[in-house]
Amino acid sequence: MKAVLDHVGIAVKDLQAALAFYRDALGLAVEAPEDVSSQRVRAHFIPVNDTADRGTGAPGVKLELLEATSADSAIAKYIEKRGPGLHHITLRVDDISAALAQLKARGARLVDEQPRAGAEGALVAFIHPSSAHGVLVELKQSRVPSPESQVVSTVRRYQLGEFELISVCDGFFRLDGGAMFGVVPKALWSKAAPPDDRNRIRMAMRPLIVRGRRTMLIDAGLGDKDDEKFHEIYGVDRARNLDHTLAEAGLSPDDIDIVLASHLHFDHAGGFTVRDASGRIRPKFRGAQYVIRRGEWEDATHPHERNRASYIAGNFVPLADAGVLQFVDDDQTIMPGVRVRRTGGHCMHHQMVLIESGGSTAAFVADLIPTTAHLSAPWIMGYDLYPMDTLAAKKAFLQEAVQKNILVFFEHDPAVPAGYIREENGKRRIVPALS
Ligand SMILES: [Zn+2]
Ligand SMILES: [Zn+2]
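Every chain is numbered independently, its residues counted from 1 as its sequence is written. All chains are assigned letters beginning with A, and all ligands numbers beginning with 1, in the order in which they are written. Restriction of local features to residues with pLDDT of at least 70 applies here, the model being predicted, together with a cutoff of 80 or more for giving and counting side-chain atom pairs; totals for whole chains, interfaces and linings are based on all residues. Neither water nor hydrogens contribute to the side-chain values; these are computed over all heavy atoms in the structure.

A. Expanded view of the sheet that holds strand β25 (residues 418-424). Between any two strands, at least two bridges found by DSSP are needed for them to pair. Strands are runs of DSSP state E lasting at least two residues, helices are runs of H or I lasting at least four, and both sets are numbered from the N terminus onward. Strand order in the open sheet formed by seven strands is β20-β21-β22-β23-β24-β25-β26, and the pairing between neighbours is mixed. Every interior strand has two partners, whereas the edge strands, β20 (333-335) and β26 (427-432), have only one. For this sheet, the mean inter-axis angle between neighbouring strands, taken without regard to orientation, is 30°. Pairing analysis gives six bridges linking β25 to β26, with the strands arranged antiparallel. Residue pairing for β26: I421 is matched across the bridge by I430. Two residues form a contact once any of their heavy atoms are found within 4.5 Å. For helices, the axis comes from a line fit to the C-alpha atoms of the stretch in contact; other axes are also lines fit to C-alpha atoms, and the angle between any two N-to-C directions lies between 0 and 180 degrees. Of the strands in this sheet, β21 (338-342), β22 (351-357), β23 (360-364), β24 (407-409), β25 and β26 touch helix α12 (residues 387-404), which is tilted by about 90° from β25.

Right, here's the structure in full:
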């Protein structure tokens, strides 16, 4: 493991006084602050590398002034206990997961068993001071953005009446192209969704935030409980994931009041739970009620040979144990302006979500129309348990979407989070919505 000094974190009680020293008295340049909302902290970076290092492209060493943005943040607690001062040092590594595994194997005590989202889209994890001779050490793996994921996995915001709709992203995965398009021949679907050398197509996981008086999250992506074999089979790319995009949207998991499930397949419900340091699985959104359709719960907890691979008990059973479940039995309003509608088809109790405000309507259609390539009525997934029901629900919805000018969210589209469906001369097409 090669590690280089990235920055030194300094807990600051009085930011103006600290700036008067570091910026004004020492004459250092302070970069624009960045909020790390998951940590309730604002970071002010100060480059302190030798001028000779500049221009080489290598990131230089920085000081990081850490200002608490909430009384319950770790930094506020640290200052309360020990006063302001040196807080941590950060070492940059190439592969943070490998570094954590190596430390764990040597018996080091870790604050974070799994890397999590830090500033600048990086992945970070803390090592406990008791294993680092009294120093809190942070490991950091800089984001290596593929140009592709950078463009399409950023947060998109849309205003719908009184609601703000924020499309977030839990990264990407790959599924067999044949299975994704059912009876459609590869000669046709491969033009709309080019397969890789294993015949898999790239799909995003885009949960949706609905912000009104309360904050709702619809679906939560894959989450981070899966092992390497799973990641290999499904080509999982979560270098930028739900934590990063929530932070970019200015939200932390604790800000979510309601989590609503379209259905409980692993690419939608995996992010509902997390494994904590003791190995126990608990709800990820600690202040949230989880709203699930009762029929879907019954099916997910009693899987059969055809749907078993899609339902992973750890994604939803711990919610019942934690007492945070709320069942809905039929089509109804979940919070004012937001209602669910059963579509069936994909699975018996698959539901879409309709959001209405100020005379406008948006629809989160989940696996009814997973990507923009599934616009044509017979382009239906081979995974669907009841494809004729999908066909009926899809045809009815497409007509409604054209008539009412509905803003449609495509949960799995690798490039287009949302768009409007237009019909001209009997042909339908999608016009991507500008956020
Ligand atoms: Zn599904
Ligand atoms: Zn899906």
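B. Representation of the nonpolar core in the model. Among the nonpolar cores identified, the biggest contains 28 residues, and I209, L217, L264, F272, F285, Y290 and L319 are the most heavily contacted of them. Within the residue set of this core, elements represented by two or more residues are α8 (242-248), β18 (289-293) and α10 (294-301). Those residues in contact with F272 that sit more than four places away from it in its chain are D219, A220, V259, A261, L264, R282, P283, K284, F285, Y290, N315 and L319. Think of a nonpolar core as a cluster: buried Ala, Val, Leu, Ile, Met, Phe, Trp, Tyr and Cys residues, connected wherever their side-chain atoms sit within 4.5 Å. Between buried and exposed lies partly exposed: a residue is buried under 20% and exposed over 50% of the maximum accessible area for its type, with that area taken using a 1.4 Å probe on protein chains only. Counting residues in each nonpolar core, the second largest holds 25 residues, with M216, F409, A418 and A433 among its members.

C. Structural context of the coordination of the zinc ion (ligand 2). The protein atoms donating to the zinc ion (ligand 2) are D267 (OD), H268 (NE2), D367 (OD), D367 (OD) and H412 (NE2), with metal-donor distances spanning 2.1 to 2.7 Å. Sequence spacing of the donors to the zinc ion (ligand 2): D-H-x98-D-x44-H. Judged by its relative accessible area of 0%, H268 is buried. Judged by relative accessible area, which is 3%, D367 ranks as buried. Donor criterion used throughout: N, O or S atom within 2.8 Å of the metal, extended to 3.2 Å for Na, K and Ca. Water excluded; incomplete-looking sites may result.

D. Structural view of empty space enclosed by the protein. Here a cavity denotes a set of grid points, spaced 1 Å apart and computed over the protein atoms alone, in which a 1.4 Å probe fits but from which it cannot get out, and a pocket denotes an open set meeting protein on both sides within 12 Å along at least five of seven lines; residues with an atom within 4 Å of a point are reported as lining. Grid points are joined across faces, edges and corners, and a volume is the space filled by probe spheres set on the points. Inspection of every chain in the model, using the stated rule, returns one cavity of 30 Å³ or more. Taken together, D170, A220, G223, D224, R238, N241, L242, D243, G271, T273, V274 and K284 form the lining of the largest cavity. Contributing elements (two or more residues each) for the lining of the largest cavity: α8 and β16 (273-275). Ten residue types, Ala, Val, Leu, Ile, Met, Phe, Trp, Tyr, Cys and Pro, are classed as nonpolar, four, Asp, Glu, Lys and Arg, as charged, and the remainder, Gly among them, as polar. Within the lining of the largest cavity, the residues separate by chemical class into three nonpolar, four polar and five charged.

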